[in-house]
Amino acid sequence: MSDLNLNRNISKTSEGFGSQSFNEIQDDYDYEFDEGDLNNQITDEDVTFIPESDILKEREKLIKEAKEKLFLERDQAILAMIYYEWQSDNLDNWYEDVDKNRVKAGIELSPETKEFLKQQGVVENGDICLTCYEEKNETFFSLCCGHQFCGECWAEYLKEQIKNPLGALSARCQQSGCTCIVPEEVYKKFITDKIQLERLDKAIFKNFINRNEDLKQCPNPKCHYYAKSTMHSAKEINCMCGSTYCFKCGKDSHRPCSCEMFEKWLRLHDSTKNDDKWIEANTKECPHCHQKIEKSQGCNYMLCNKSAGGCGHAFCYVCETDWAKHSQDHFKCNKYTEAVKNKEQKANKLKEQLKRTNFYFSLYMNNKRACELLDTKTRNDIGEKINLLVTLKNMPVLETKFILEAINTTIKGKSLLKNTYIFGYYMKDGEKKPFFEHEQGILQYYTEELHRHLIDDQLNNIISEDRYNDFTELFKNYKNSVNNIIGSIQKYSKGLIDDIENNFISEIDDNLMKE
């Protein structure tokens with residue numbers, strides 16, 4: 001449940017929850033926004049939020065701007081905007097070379113292409129369909145290139161194109177070698193089937209949102225809002241639904257990590273790279289067939305097991321010498337050669353790398369899971385306790401708002417901590433790292449303390465207190481304590497982010513980033 005929805009529930013039910021449960025009230029308002037919400041939620045002047053239902057209106061505004069600025073017909077204006085990836089600021093470049101830009105936008109052919117097609121024997125404005133060779137009739141149609149095709153061939157061709165919604169509006173003329181792009185109105189001319197038209201609408205929508213860098217869809221599957229910004233940076237977006245994500249890459253918020261660092265971290269733990277490291281650190285290769293072998297117990301005699309895909313070769317696990325050529329004392333090996341030493345050092349180094357990776361990944365996952373539980377189970381549990389405060393103690397709902405703020409602040413704190421463990425993994429073990437870890441530790445302390453205030457028995461004890469004066473005193477102390485911790489988390493979160501982005505960013509280990 002988002003901050004916005006919970007706060008709306010508070011104001012909506014300030015006189016009490018009545019017969020409805022907290023969850024039912026949440027469901028009543030889940031993702032139902034009004035225009036007032038938009039104004040209340042936009043805190044950054046560079047970002048606005050557009051509901052999905054208004055996205056095509058935004059598209060029409062840009063088409064109209066292109067028509068007026070470039071003096072083009074609607075279809076041509078659309079092709080120009082697609083060419084400029086829906087960036088209206090680029091329209092001024094059109095007049096630097098109008099003829100060249102008309103060609104690049106797919107509006108018309110270049111003289112070179114016309115000459116090439118002519119040499120290939122391609123006829124413009126001919127009397128037969130260039131696909132099925134039917135004689136010209138009233139269904140014949142061509143783009144500005146003049147390549148004639150019958151209506152049936154156009155319909156079949158365009159139906160195939162809209163099977164790929166991402167590429168449909170970049171489809172070219174049916175004639176091989178022609179670079180003219182099929183305008184969307186041509187699709188509407190030859191496609192009449194309802195399902196096919198729905199696919200066309202999907203293609204138009206996908207083309208606009210996927211090629212427009214000013215728009216980014218919220219990753220929350222229940223949310224239908226898009227953020228709009230002309231600043232194409234790794235800006236942290238606080239969406240209408242309460243989700244936080246990165247405007248640049250569209251993934252969950254990863255501040256203070258860069259998009260590149262976050263992507264590398266995800267790949268590191270989604271791939272088999274760590275498995276490969278473990279195998280290399282904890283096994284040896286058979287000198288004969290190079291099968292990987294792990295020694296878990298026993299003596300140094302090692303037989304490459306045929307039943308496990310090996311070759312049957314026997315060797316010493318320590319020095320890797322052929323067992324038949326080994327010294328008479330088969331079960332002790334004192335041959336600590338330079339080669340053995342190097343392999344052992346490499347294996348130990350890999351083991352340390354794995355320990356380090358697992359350490360940071362464990363802390364990352366602990367905070368990630370905590371955020372998920374806070375946003376589900378804890379939020380529901382707190383809702384039930386607020387219900388009891390309101391119904392049993394006649395507590396005004398607005399008086400409990402700080403508890404909901406505590407949940408959201410704990411989630412934000414743990415989400416930030418989660419990302420700082422990514423940053424810590426890629427940070428050099430230099431003189432600045434202890435300062436980073438000190439600030440991180442302070443934030444961890446206050447976040448855990450606030451989390452404890454939410455999940456221990458403090459609220460239950462307050463609710464069960466029957467004496468009014470004692471109840472009032474306990475609630476007041478609890479509220480003051482929670483608000484003080486919220487202030488500390490906000491203070492140390494800001495300080496940690498500022499220091500990472502300004503002081504610690506230079507301490508990134510380039511070797512780890514290259515992995």
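Residues numbered from 1 in each chain as written. Predicted model: local features only at pLDDT ≥ 70, side-chain atom pairs only at ≥ 80, totals over all residues. Heavy atoms only, no water.

A.B. asks: So what about the overall build of the chain? Which residues, and what values?
C.D. replies: Tallying secondary structure elements over the chain gives 18 helices and nine strands in all. Residues classed as buried in the chain amount to 43% of the 515 residues present. By sequence separation, contacts in the chain at least 24 residues apart represent 60% of the contacts at least 6 residues apart. When the accessible area of the chain is evaluated, it comes to approximately 28200 Å², of which 47% is carbon and sulfur surface. (Helix = DSSP H or I, 4+ residues; strand = E, 2+ residues; numbered from the N terminus. Buried < 20%, exposed > 50% of the residue type's maximum accessible area, 1.4 Å probe, protein only. Contact = heavy atoms within 4.5 Å. Areas by Shrake-Rupley, 256 points an atom, 1.4 Å probe, with all protein chains shown as cover.)

A.B. asks: Can you tell me about the sheet that holds strand S3 (residues 225-228), naming the residues and giving the values?
C.D. replies: Sheet architecture is open: three strands sit in the order S1-S3-S2, paired in antiparallel fashion. At either end of the open sheet lies a strand with only one pairing partner, and these are strand S1 (48-51) and strand S2 (215-217). Taken over all neighbouring pairs, the strand axes of this sheet differ in orientation by 35 degrees on average, direction set aside. Two strands pair when backbone bridges link them, and S1 and S3 are joined in this way by four bridges, in the antiparallel orientation. Paired with Pro51 across the strands is Tyr225, a residue of S3. (Pairing = 2+ DSSP bridges. Axes fitted to C-alpha atoms, helices over the stretch in contact; angles between N-to-C directions.)

A.B. asks: Summarise the nonpolar core; cite the residues concerned and give the values.
C.D. replies: Looking at soluble globular proteins, one finds that nonpolar side chains tend to be buried together. Within the largest apolar cluster, 53 residues are counted, with the highest numbers of intra-cluster contacts made by Ile55, Trp86, Trp94, Leu143, Leu158 and Tyr187. Among the elements of the structure, helix H4 (55-70), helix H5 (74-83), helix H8 (151-161), helix H9 (184-190) and helix H10 (194-211) are those that each provide at least two residues to this core. In this structure Leu158 touches Val182, Val186, Tyr187, Phe190 and Ile191, once residues within four positions along its chain are discounted. Met261, Ile403, Phe475 and Ile497 belong to the second largest nonpolar core, which has 51 residues in total. (Core = buried A, V, L, I, M, F, W, Y, C linked by side-chain atoms within 4.5 Å.)

A.B. asks: Got a sec to walk through the packing of aromatic side chains? Specific residues and values, please.
C.D. replies: Taken as a whole and assessed by the stated rule, the structure comprises 23 aromatic pairs. Taking the centre distance of 5.6 Å and the plane angle of 10 degrees together, the rings of Tyr446 and Tyr492 count as stacked. Of the two residues, Tyr446 sits in helix H15 (residues 433-455) while Tyr492 sits in helix H17 (residues 468-504), which places them 46 residues apart along the sequence. Residue classification places Tyr446 among the partly exposed residues on the basis of a relative accessible area of 24%. Geometrically, the ring pair formed by Phe471 and Phe475 is stacked, given 6.2 Å between the ring centres and 25 degrees between the ring planes. Of this pair, Phe471 and Phe475 are both found in helix H17, four residues apart, which corresponds to roughly one turn of the helix. Using a relative accessible area of 5% as the deciding quantity, one classes Phe475 as buried. Chaining the aromatic ring pairs together yields one cluster made of Trp265, Phe359, Tyr360, Phe361, Tyr364, Tyr425 and Tyr426. Looking at Lys216, its charged tip hangs above the ring of Phe247, at a distance of 6.0 Å from the centre. (Phe/Tyr/Trp six-rings, centres within 6.5 Å; stacked < 30°, edge-to-face > 60°. Lys NZ or Arg CZ within 6 Å of the ring centre and 35° of its normal.)

A.B. asks: Lay out the packing of helix H14 (residues 401-426) against H17 with the relevant residues and their values.
C.D. replies: Each pair of packed helices gets described by two things: the angle between the helix axes and the distance between those axes. Orientation of H14 relative to H17, taken along the N-to-C sense of each, is 25 degrees, at an axis distance of 10 Å. Here H17 runs roughly parallel to H14, going by the angle between their axes. Here H14 runs over H17; the crossing is left-handed. Here the contact of H14 with H17 is composed, by residue class, of 13 nonpolar, six polar and two charged. (Parallel < 35°, antiparallel > 145°, perpendicular 65-115°, else oblique. Left-handed = near helix turned anticlockwise from the far one by under 90°. Nonpolar A, V, L, I, M, F, W, Y, C, P; charged D, E, K, R; others polar.)

A.B. asks: Explain the pairing of S3 to me, using residue names and the numbers behind them.
C.D. replies: Examined bridge by bridge, S2 and S3 share three bridges and lie antiparallel to one another. What sits directly across from Lys216, in S3, is Ala227.

A.B. asks: I'd like a description of the environment of Gly310, backed by residues and values.
C.D. replies: Counting through the fold element by element, Gly310 comes out in the loop between strand S8 (301-303) and strand S9 (314-316). We classify Gly310 as buried; its relative accessible area is 17%. Separated by 20 residues in the primary sequence, Gly310 and His290 place their C-alpha atoms 8.5 Å from one another. For Gly310, the contacting residues outside a window of four places in its chain are Cys289, Gln291, Cys304 and Asn305.

A.B. asks: I'd like a description of the pattern of salt bridges, backed by residues and values.
C.D. replies: This model, assessed by the stated rule, comprises 26 salt bridges. Its salt-bridge partner being Lys57, residue Asp54 comes within 3.3 Å of it at the nearest N-O pair. Notably, a salt bridge pairs Glu372 with Lys368, separated by 3.1 Å at the nearest N-O pair. Remark: Lys368 and Glu372 occur in helix H13 (residues 338-393); sequence separation between them is four residues, near one turn of the helix. (Salt bridge = Lys/Arg side-chain N within 4 Å of Asp/Glu carboxyl O.)

A.B. asks: Before we move on, can you summarise unusual backbone geometry with the specific residues and values?
C.D. replies: Cis geometry marks the peptide bond from Arg255 to Pro256, where omega comes out at 15 degrees. Of note, Pro256 is situated in the loop between strand S5 (244-246) and helix H11 (259-270). Despite not being glycine, Tyr133 shows a phi value in the positive range, around 65 degrees. Topologically, Tyr133 is positioned in the loop between helix H7 (111-119) and H8. Judged by relative accessible area, which is 58%, Tyr133 ranks as exposed. Not every positive phi belongs to a glycine, and Asn394 is a case in point at roughly 55 degrees. Among the structural elements, Asn394 can be located in the loop between H13 and H14.

A.B. asks: Could you give an account of the side chain of Glu439, naming the residues involved and the relevant values?
C.D. replies: In this structure, Glu439 sits in helix H15. Of the side chains with opposite charge, Lys432 comes closest to the buried, unpaired Glu439, at an N-O distance of 11 Å. Beyond its immediate chain neighbours, meaning those up to four positions away, Glu439 contacts Gly495, Leu496, Asp499 and Phe504. (Lys, Arg positive; Asp, Glu negative; His and termini not counted.)

A.B. asks: Tell me about the environment of Gln120, residues and numbers included.
C.D. replies: In this structure, Gln120 sits in the loop between H7 and H8. Judged by its relative accessible area of 52%, Gln120 is exposed.

A.B. asks: Could you give an account of H15, with specific residues and numbers?
C.D. replies: A rise of 1.5 Å per residue sets the reference length of H15, with its 23 residues, at 33 Å; its end C-alpha atoms lie 32 Å apart and thus fit the reference within 8%. All of the buried residues in H15 are Lys433, Phe436, Glu439, Gln440, Leu443, Gln444, Thr447, Glu449, Leu450, His451, His453 and Leu454. (Expected span 1.5 Å × (residues − 1).)

A.B. asks: So what about the packing of H14 against H15? Which residues, and what values?
C.D. replies: Axis separation between H14 and H15 bottoms out at 9 Å; the angle between their running directions is 150 degrees. Considered as vectors, H14 and H15 are oriented roughly antiparallel to each other. By crossing handedness, the relation of H14 to H15 is classed as left-handed. Residues belonging to the contact of H14 with H15 are distributed by class as follows: 11 nonpolar, nine polar and three charged.

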